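An overview of the molecular structure
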Amino acid sequence: GQYDLWKPPSTEFDPYAVKIAVNDACTLPSDGAPVTEEWVSKCHQVCEARMCCFAHPTLGSSCVDVLGEKECEDYSACKVLIGGEERDSDSIDDLCNNAEVEKNEARFTKCQD
């Protein structure tokens, strides 16, 4: 990838450290601020290695069995990238289709995947 793989914080002293870090990276701005490319790529970076947690079970590619529910639960904020049932308008597809992308195509190579 174009950036280093994110290293999750140690949970030695705080069992919720990973969950908090993921939430920080992937919670949509609460003040209704527009989502920036920076936000998207940060959230992607944090979630990259765990997006398999949210693969639809029918696809048979969910890694919950391998990683365990606790691990996947820590990354639940990543669901914003795939737009759960209640979040369709915030899905990554929408983020990738907006006008910003046209202007910054180079920075949005992720969207072409």
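All values reported here derive from a predicted model rather than from experimental measurement. (Residues numbered from 1 in each chain as written. Predicted model: local features only at pLDDT ≥ 70, side-chain atom pairs only at ≥ 80, totals over all residues. Heavy atoms only, no water.)

The set of residues buried in helix α1 (residues 17-26) consists of Ala17, Val18, Lys19, Val22, Ala25 and Cys26. Where the residues of α1 are buried, they touch α2 (37-47) and α4 (69-74). (Buried < 20%, exposed > 50% of the residue type's maximum accessible area, 1.4 Å probe, protein only. Helix = DSSP H or I, 4+ residues; strand = E, 2+ residues; numbered from the N terminus. Contact = heavy atoms within 4.5 Å.)

At their nearest, the axes of α1 and α2 sit 8 Å apart, and the two run at 155° to each other. Here α1 lies roughly antiparallel to α2, going by the angle between them. For the element pair α1 and α2, the recorded crossing hand is left-handed. Contacts from Val22, Ala25 and Cys26 of α1 reach α2 at Trp39, Lys42, Cys43, Val46 and Cys47. Residues of the contact of α1 with α2, tallied by class, amount to seven nonpolar, no polar and one charged. (Axes fitted to C-alpha atoms, helices over the stretch in contact; angles between N-to-C directions. Parallel < 35°, antiparallel > 145°, perpendicular 65-115°, else oblique. Left-handed = near helix turned anticlockwise from the far one by under 90°. Nonpolar A, V, L, I, M, F, W, Y, C, P; charged D, E, K, R; others polar.)

As a further point, take the environment of Phe54. By secondary structure assignment, the location of Phe54 is in the loop between α2 and α3 (64-67). For the pair Phe54 and Ile82, spaced 28 residues apart in the sequence, the C-alpha separation amounts to 8.3 Å. For Phe54, the residues in contact, after removing those within four places along its chain, are Cys72, Tyr75, Ser76, Cys78, Lys79 and Ile82.

In this structure, Cys78 sits in the loop between α4 and α5 (92-97). Once you skip the residues sitting within four places of it in the chain, Cys78 turns out to touch Val22, Cys47, Met51 and Phe54.

On inspection of all chains with the given rule, the structure shows four disulfides. With a sulfur-sulfur separation of 2.0 Å, Cys26 is cross-linked through a disulfide to Cys43. On the S-S bond that ties Cys26 to Cys43, the torsion sits near 110°, and the link is right-handed. On the criterion of sequence distance, the pair formed by Cys26 in helix α1 and Cys43 in helix α2 is long-range, its members being 17 residues apart. Cys43 carries the same exposure label as Cys26, and that label is buried. Shown here is the disulfide that connects Cys52 with Cys63, its sulfur atoms set 1.9 Å apart. Since a negative S-S torsion denotes a left-handed disulfide, the Cys52-Cys63 link at about 75° is right-handed. Separated by 11 residues along the polypeptide, Cys52 in the loop between α2 and α3 and Cys63 in the loop between α2 and α3 bring together distant segments of the chain. The partly exposed category is assigned to Cys52, whose relative accessible area is 27%. (Disulfide = S-S within 2.5 Å.)

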